[in-house]
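# Examination of the molecular architecture
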Amino acid sequence: MSRASQRKGAAGERELAAILRGRGYDIERGGSLSYGEVPDLVGLPGVHIEVKRVERLNVPEAMDQATRDADRFGGFPALFHRRSRSPWLVTMRLADWLELYQAFEDKERAVP
């Protein structure tokens, strides 16, 4: 991976971390040069965050990485990604998204 790619990836992690912190989440960066030793970002309980800041993303390959890392670190694998001058997107497996949404609905129903 080139230095420019590493810088862009690190900038993407910092950018996403700032957005999530702005929403009240206690997000910490794992370090862009950790090469899989620690997650890209931590602080969303139950979610493994994989960050990709690239122009051409191979989504299946990136989700495979997120899934492998989620098996190691815990949480549902979630791929946060964006291209230049584009909004952030989140890709998840449907089964994982349904489980998260069901938990949300169950919580909403429990509130009197």
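Our subject in this report is the structure included herewith. (Residues numbered from 1 in each chain as written. Predicted model: local features only at pLDDT ≥ 70, side-chain atom pairs only at ≥ 80, totals over all residues. Heavy atoms only, no water.)

## Re the nonpolar core
Spelled out, the test is: Take the buried Ala, Val, Leu, Ile, Met, Phe, Trp, Tyr and Cys residues and link them wherever side-chain atoms come within 4.5 Å; each set so joined is a nonpolar core. For the exposure calls, accessible area comes from a 1.4 Å probe over protein chains only, and a residue counts as buried if that area is under 20% of its type's maximum, exposed if over 50%, partly exposed in between. To qualify as a helix, a DSSP run of H or I must reach at least 4 residues; to qualify as a strand, a run of E must reach at least 2; elements of each kind are numbered from the N terminus. By the convention used here, residues are in contact when the closest approach between their heavy atoms is within 4.5 Å.
Among the nonpolar cores identified, the biggest contains eleven residues, and these are Leu-16, Ala-17, Leu-20, Ile-27, Leu-41, Leu-44, Ile-49, Val-51, Ala-78, Phe-80 and Trp-88. Considering every element that reaches this core, the biggest residue donor is helix α1 (residues 3–22), with three residues. When neighbours within four sequence positions are excluded, Ile-27 is seen to be in contact with Ala-17, Leu-20, Arg-21, Leu-41, Val-42, Gly-43, Leu-44 and Ile-49.

## A closer look at the pattern of salt bridges
A side chain with one charge can pair with a side chain of the opposite charge if their charged atoms come near. Our working definition: Here a salt bridge means any side-chain nitrogen of Lys or Arg lying within 4 Å of a carboxyl oxygen belonging to Asp or Glu.
Per the counting criterion, the structure on display carries nine salt bridges. In this structure, Glu-13 engages Arg-29 in a salt bridge whose closest nitrogen and oxygen atoms are separated by 3.0 Å. Taken together, the residues span a long stretch of sequence, with Glu-13 in helix α1 and Arg-29 in strand β1 (residues 28–29) at a distance of 16 residues. For Arg-29, a relative accessible area of 29% puts it in the partly exposed group. Note that Arg-82 and Glu-15 form a salt bridge whose closest N and O atoms lie 3.0 Å from each other. In this pair, Arg-82 is assigned in strand β4 (residues 76–82) and Glu-15 in helix α1, connecting sequence segments 67 residues apart. A relative accessible area of 13% places Arg-82 in the buried class. Of the residues examined, Glu-15 reaches a relative accessible area of 28% and is grouped as partly exposed. Connected via shared salt-bridge partners are Lys-8, Arg-53 and Glu-55.

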